[in-house]
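# Descriptive structure summary
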Amino acid sequence: MPKENSNQNQNDIIINNSNINSNSSNLNVNNNSNQNSGAFGVPLPDSKVRVTKKPFGIFITPQNSPVQPERFSGYHTGTDFETYPSEQNSDVSILAVCSGKMLEKKYASGYGGVMVQSCKLNKQDITVVYGHLKLASITKNVGDIIQKGDILGILGKGYSSETDGERKHLHLGFHKGTGINILGYVQNKSDLSGWLNPCDYVCF
Ligand SMILES: [Zn+2]
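Keep in mind that what you see is a predicted model, and the values were worked out from it rather than measured. (Residues numbered from 1 in each chain as written. Predicted model: local features only at pLDDT ≥ 70, side-chain atom pairs only at ≥ 80, totals over all residues.)

On to the overall build of the protein chain, then. In terms of regular secondary structure, the protein chain is built from two helices and twelve strands. Scored against the burial criterion, the 204 residues of the protein chain give a buried share of 32%. At a minimum sequence separation of 6, the contacts of the protein chain that also span at least 24 residues come to 65%. (Helix = DSSP H or I, 4+ residues; strand = E, 2+ residues; numbered from the N terminus. Buried ≥ 20, exposed ≤ 12 C-beta atoms within 10 Å, placed from the backbone. Contact = placed C-beta atoms within 7 Å.)

Written out as structure tokens, the structure is:
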């Protein structure tokens, strides 16, 4: 286990360097094409390599879950972005992945702090769910317009009330339409059609 972790960290460091380069080129691309989905940004650095446990759509049971112990079951409606061991006791800022109004921020069972933002994706309305944030760290308010890249707050401390007992990670969900829906799991696969895979837009 310790060996695996140190290898993982070395890989991460290498990947981090290449991501810094690709992020700066993405910024240039975004500035030139604000109207397409390429305009979405990462919720935190190295977003792609952080998706190691629960991608969008994975069917979770307490028995098969990559997270143990597990209290949830169903089809995962979002993407989970993990934190590194070195980040457990430091602040991990979460950035807005798009520009749009804050619709809600509250404490919710299963999340701890959760925030919902309204955005446009390819001219369609979506709501973006950011789960497991430290609620008190979210300084913007409902109704505020949030710009892509703005710091929303920090992740809640792992295994505390700030995450409602979950490990320190970000749950990001893209729900179609304007209605607020913060469900992290659905029980029928067909219900996933109400959601989009965030990684199609923000994993790089
Ligand atoms: Zn999740």
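Moving on from the coordinates now.
So, about the nonpolar core. One finds V114, M115, V128, V129, Y130, L133 and L152 to be the most contacted residues of the largest nonpolar core, which totals 34 residues. The set of elements that each furnish at least two residues to this core consists of strand 6 (112-121), strand 7 (124-133), strand 10 (169-176), strand 12 (195-196) and helix 2 (199-202). Apart from the residues lying within four places of it in its own chain, the contact partners of Y130 are I94, V114, M115, L152, L170 and L172. (Core = buried A, V, L, I, M, F, W, Y, C linked by C-beta atoms within 7 Å.)

Backbone-to-backbone hydrogen bonds join strands into a sheet, with any given pair of strands oriented parallel or antiparallel. Taken in spatial order, the three strands line up as 1-2-11 in an open sheet, and their pairing is antiparallel. At either margin of the open sheet sits one strand with a lone partner, and together these are strand 1 (59-60) and strand 11 (185-186). (Pairing = 2+ DSSP bridges.)

Moving on to unusual backbone geometry. P69 follows Q68 through a cis peptide bond whose omega is -5°. Tracing the backbone through its elements, the reader meets P69 in the loop between strand 1 and strand 2 (74-76). Even without a glycine there, the phi angle at D46 is positive, about 55°. One non-glycine residue, K123, adopts positive backbone phi at about 70°. Considering the arrangement of structural elements, one finds K123 in the loop between strand 6 and strand 7.

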